[in-house]
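# Breakdown of the fold
So you can see what is in the structure, the chains are spelled out below.
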Amino acid sequence: MEISFLNELNNNQRQAVEYTDGASLVIAGAGSGKTRVLTYKIAYLLKTGMQPSSILALTFTNKAAREMKERIASMVGEKTARYLWMGTFHSIFSRILRSEAELIGYSKNFTIYDSADSKSLVKSIVKELKLDDKVYKHGFVQSRISYAKNNLITPDAYLANTEILKADVSSRIPLLKDIYKIYAHRCKQADAMDFDDLLLQTNVLFRNHPEILQKYQHRFGFVLVDEYQDTNFAQYLIVKKLAEQHEKICVVGDDAQSIYSFRGANIDNILTFKNAYKNAQIFKLEQNYRSTQTIVNAANSLIDKNSQQIRKTVFSEKETGKPIKILNVFTDYEEGFIVANNISDLHSVNDYQYQDIAILYRTNSQSRVMEEALRKQSIPYRIYGGLSFYQRKEIKDVIAYCRLVCNPNDEEALKRIINYPTRGIGETTINKLIECAQLHAVSAWEVLTDILKYNLAVNAGTANKLAQFRSMIDVFAEQINIQSAYDLAKSIIKTSGVISDTYTDRSPESMSRQENVEELLKAIHEFCETEKTDGEPTALLPDFLSEVSLLTDQDTDKETNKDKVTLMTVHAAKGLEFKVVFIVGMEEELFPSPFCTQSERELEEERRLFYVAITRAEELCFISYAKSRFKNGKTNFSNPSRFIKDIDPQYLELPVEIIPKQKNIGDWDEDMEFERNRFKSSFSKPILKENILPQTPKRLVKLSNSDNNKVPIENSSVPSGSFVKHAVFGIGKVLETSIVNGNEKADIDFGEKGVKSLLLKFAKLEILK
DNA sequence: GTAAGAAAAATTTTT
DNA sequence: TTTTTCTTAC
């Protein structure tokens, strides 16, 4: 069959698309057209007669699913595309779980606990068990529970696993097993699933109900998985089971971009795909269509330092391009200033649009300084991540009301709003209530329905307040199937008193809270409208909740078309591309994150993360690091990230080390303060001109041996092997000296402070005997 | 039981 | 710096 769009693919891509006889793995290097292969493959399946409703395509983010769906729609028509089963693991399987919920002891309207809910539940369990929350830290407990669930270890399996129990004992957290057990029990009692449950319970469903598994095996004639390197065991098994009969499965991924192991992702899933699917075909996509040769080569030289990987040769046939420019600055404020300056120039001189530019960082907290700098130069920007719309307090409060109305057993929602706005139900009462509920093995709400029966020890006044609260929720609950989601939400906000609490004053904070609540109502209204066109009479509140709980703020983004600089974490940038990328904060203790330097495995993941960052860039890439950074209320000194040294220097444009005039070490702090204040208060026009744009290397210090400007010297004033003292870096050993563009330069190992390349005319060195 | 103010703690990545 | 927890006075 001749299908014209196949001609738009290269040979390897086309083979991957056309192979539909059995299982296949597509190893897709960065920028090699991975999404293209997936979309074309789905279009191909449709063109060759497959029904859209029998194709299951699993992605990592809602956004990826939506974009792919749009692209397929443009190829085969919206009418066909809309019936595809396409979405994230979590959204697809929450949908399936809802329709089968009763089989595994949940109701159709089960709540989805987000991580804040999980956190709060973990905290209260630790408190109830009277454990030390410094030993059983909520974050740690949460990640252990999550780890167990991702590996399909149920609480009972956990109790039965001597190995895990022993490990917990030796880590001095022997009671983790109890916390997990209670946690799972409380979720069940609240008719709630956390994110991990959506995958775990799907597995439980398939295991305990073979007929259901069969139904879906039959339904899905072809299964496709994007970003396969980021799947965990629970996801692996779901996919494996669904594809068991026909092995019509295609997974796409890049082991070099596996960056989610902290969330249970297991890189072995992709590395050992052949073991799971014996007759699997493997296709490799190695031509990068995104980036210049320099960027591709630099990224290759970096990832080459990892031992765990599927070797591949990613190459680019685009132009050579400019070297990656390294920017070094004194402070985080200066970093923001320099980056903003560069962006400003790229925009006005080089005709880049703001939307072509991204600033990527390791942690969300780094966005603030960048934001400030961009604002000062009136550069429009857009931040992804951080506090998303649905995580704001006022929104969570409203949603909690909605959740409780739809599912009164939802304990976390109840705790959140039982005394918001304040109605005289304090901490003691809430604790009594929950304790009492546990005693009788019922939900907290159940106790509220009959306070006398459960012997809740409260005085008459409190009992009255509780009854009032209960009847208010009851009244709303009666409306669930009568009023539309919008009408009900509106009356909830009004009657509950949330609105009067929000509208008390005219402070900017209060105004913004009001706006957010309005915004939420608008979103619910919109939801009702779109559902209407789908033929349903009215969209109900539970329908909205099931949609909303899996949304992130990238999904609520409405102004994608605006010309703005993008700010996001490297994690969030996966799958995206920009003409110009700034990777900021490339420092030790930040990138790699200090939490990830314990094992080689973790370190390799951080390196992959850096690889992801670099390969987002199409034309220009900048990497910056600061000598000092404001962190947790303190200024910390930092060294350049070890990863910068992992890149072959021939692809880099390195800065001249900027060393202040000879000073005592004590003066350094003053100097820092000076720099900080200068950049904080008034942004005068650029001071460090050489930080502006990658130009043909002129006045640059090159670390590379291939540098032909470099002439080794015999009789240097600081011979190799001798020891010198530097005002800032302290004592170091001279490794090599040379003449670079007429200036005498020395590479000196300062131990902890790292190896520095210093020009002798700038660096006042004291030679030690 | 509430609210304000002080002290202490915690800082990664996210469906 | 921001967020959470503890203290104290009503």
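Up top is the structure.
Notes on the structure in this doc start here. (Residues numbered from 1 in each chain as written. Chains lettered and ligands numbered in written order. Predicted model: local features only at pLDDT ≥ 70, side-chain atom pairs only at ≥ 80, totals over all residues. Heavy atoms only, no water.)

## What to know about the overall build of chain A
- Counting its regular elements, chain A contains 31 helices and 24 strands.
- Expressed as a percentage of its 769 residues, the buried residues of chain A come to 54%.
- Summing over all exposed atoms, chain A offers an accessible surface of approximately 34,600 Å²; the carbon and sulfur share of this is 50%. (Helix = DSSP H or I, 4+ residues; strand = E, 2+ residues; numbered from the N terminus. Buried < 20%, exposed > 50% of the residue type's maximum accessible area, 1.4 Å probe, protein only. Areas by Shrake-Rupley, 256 points an atom, 1.4 Å probe, with all protein chains shown as cover.)

## A few points about the pairing of strand 7 (residues 249–253)
- Most of strand 7 sits inside the fold, with 5 of its 5 residues counted as buried.
- Alternating positions in strand 7 separate into two faces, Ile249, Val251 and Gly253 on one and Cys250 and Val252 on the other, with burial throughout.
- In this structure, strand 1 (residues 24–28) lies alongside strand 7, joined through 4 bridges in parallel fashion. When the bridges of strand 7 are listed, Ile27 appears paired with Gly253.
- Where strand 6 (residues 222–225) and strand 7 come together, 3 bridges link them in parallel fashion. Paired with Val225 across the bridge in strand 7 is Val251.
- Once you follow strand 6 into helix 13 (residues 233–242) and on to strand 7, the crossover reads as right-handed. (Pairing = 2+ DSSP bridges. Right-handed = clockwise from strand over helix to strand, strands pointing away.)

## Structural notes on the pattern of salt bridges
- Counted by the stated rule, this structure contains 36 salt bridges.
- Between Asp197 and Lys149 there is a salt bridge, with the nearest N and O atoms lying 3.1 Å from each other. On the criterion of sequence distance, the pair formed by Asp197 in helix 11 (residues 195–208) and Lys149 in helix 7 (residues 138–150) is long-range, its members being 48 residues apart.
- With relative accessibility at 3%, the residue Asp197 sits in the buried group.
- For Lys149, a relative accessible area of 2% translates into the label buried.
- Its salt-bridge partner being Asp397, residue Arg416 comes within 2.8 Å of it at the nearest N-O pair. (Salt bridge = Lys/Arg side-chain N within 4 Å of Asp/Glu carboxyl O.)

## Here we look at the protein's contact with DNA strand C
- With respect to spatial proximity, the complete set of residues near DNA strand C consists of Lys123, Arg368, Phe630, Asn632 and Gly633.
- The sugar-phosphate portion of DNA strand C accounts for 67% of its atoms within 4 Å of the protein, the bases making up the rest.
- Between DNA strand C and Lys123 there is a distance of 3.1 Å, counted from a phosphate oxygen to a side-chain nitrogen or oxygen.
- Arg368 places a polar side-chain atom, nitrogen or oxygen, 3.1 Å from a phosphate oxygen of DNA strand C.
- When the residues that make up the surface near DNA strand C are grouped by side-chain class, the tally is 1 nonpolar, 2 polar and 2 charged. (Near = heavy atom within 4 Å. Polar contact = N/O pair within 3.5 Å; in protein donor to acceptor, adjacent residues only side chain to side chain. Nonpolar A, V, L, I, M, F, W, Y, C, P; charged D, E, K, R; others polar.)

## Concerning the side chain of Ser496
- Among the structural elements, Ser496 can be located in helix 24 (residues 485–496).
- If we skip the residues at most four places from it in the chain, Ser496 touches Tyr401, Pro421, Arg423, Met472, Phe476 and Ser491. (Contact = heavy atoms within 4.5 Å.)

## Quick look at helix 19 (residues 393–406)
- Here helix 19 is 14 residues long and its end C-alpha atoms lie 20 Å apart, about the 20 Å a rise of 1.5 Å per residue gives.
- In terms of burial, helix 19 is largely enclosed, as 13 of its 14 residues are buried. (Expected span 1.5 Å × (residues − 1).)

## A closer look at the nonpolar core
- Ranked by internal contacts, the top residues of the largest apolar core, which has 55 residues, are Tyr390, Leu414, Phe469, Leu520 and Phe544.
- Taken together, the elements giving at least two residues each to this core come down to helix 19, helix 20 (411–417), helix 21 (427–439), helix 22 (444–449), helix 23 (460–478), helix 24, helix 26 (508–533) and helix 27 (541–548).
- It is helix 19 that provides the largest number of residues to this core, a total of 9 residues.
- Among the nonpolar cores identified, the runner-up in size contains 45 residues, and Leu25, Val204, Leu213 and Val251 belong to it. (Core = buried A, V, L, I, M, F, W, Y, C linked by side-chain atoms within 4.5 Å.)

## Examining the packing of aromatic side chains
- Overall, the coordinates contain 19 aromatic pairs when judged by the stated rule.
- Aromatic pair Phe582 and Phe622: ring centres 4.4 Å apart, planes at 15 degrees, arrangement stacked. Taken together, the residues Phe582 in strand 15 (residues 578–583) and Phe622 in strand 16 (residues 617–631) connect sequence positions 40 residues apart.
- Residue class for Phe582 comes out buried when judged on its relative accessible area of 1%.
- Taken together, a centroid distance of 6.3 Å and an interplanar angle of 90 degrees make the contact between Phe591 and Phe643 edge-to-face. Remark: Phe643 occurs in helix 30 (residues 642–646) and Phe591 occurs in the loop between strand 15 and helix 29 (600–614); sequence separation between them is 52 residues.
- Judged by relative accessible area, Phe591 falls into the buried class, the value being 0%. (Phe/Tyr/Trp six-rings, centres within 6.5 Å; stacked < 30°, edge-to-face > 60°.)

## Digging into the environment of Tyr333
- Residue placement: Tyr333 occurs in helix 17 (residues 332–348).
- Put simply, Tyr333 and Ala626 are 293 residues apart on the chain and 8.9 Å apart in space, counted from C-alpha to C-alpha.

## Observations concerning the pairing of strand 6
- What you see with strand 6 is no split at all: Phe222 and Leu224 on one side and Val223 and Val225 on the other are buried throughout.
- Sheet topology places strand 2 (residues 55–59) next to strand 6; 4 bridges connect them, and they run parallel. The partner of Ala57 across the bridge, within strand 6, is Leu224.

## Regarding the packing of helix 6 (residues 115–128) against helix 7
- Packing of helix 6 against helix 7 brings their axes to within 9 Å, and their N-to-C directions diverge by 110 degrees. Judged by the inter-axis angle, helix 6 sits roughly perpendicular to helix 7. Crossing angle aside, the handedness with which helix 6 passes helix 7 is right-handed. Of helix 7, the residues touching helix 6 (which contributes Ser115, Ser118, Lys119, Val122 and Lys123) are His138, Val141, Gln142 and Ile145.
- Split into classes, the residues belonging to the contact of helix 6 with helix 7 amount to 3 nonpolar, 4 polar and 2 charged. (Axes fitted to C-alpha atoms, helices over the stretch in contact; angles between N-to-C directions. Parallel < 35°, antiparallel > 145°, perpendicular 65-115°, else oblique. Left-handed = near helix turned anticlockwise from the far one by under 90°.)

## Section: the environment of Ala617
- Mapped onto the fold, Ala617 is located in strand 16.
- Its relative accessible area of 0% is what places Ala617 among the buried residues.
- For the pair Ala617 and Asp356, spaced 261 residues apart in the sequence, the C-alpha separation amounts to 9.7 Å.
- For Ala617, the residues in contact, after removing those within four places along its chain, are Arg290, Ser291, Ile295, Phe578, Lys579 and Val581.

## A few points about unusual backbone geometry
- Of the consecutive residues Tyr420 and Pro421, the connecting peptide bond is found in the cis state with omega at -10 degrees.
- By the element assignment, Pro421 lies in the loop between helix 20 and helix 21.
- Following Phe591, the chain continues into Pro592 via a peptide bond in cis, with omega recorded as 10 degrees.
- The residue Pro592 is located in the loop between strand 15 and helix 29 in this model.
- Even without a glycine there, the phi angle at Ala441 is positive, about 55 degrees.
- By the secondary structure assignment, Ala441 is in the loop between helix 21 and helix 22.

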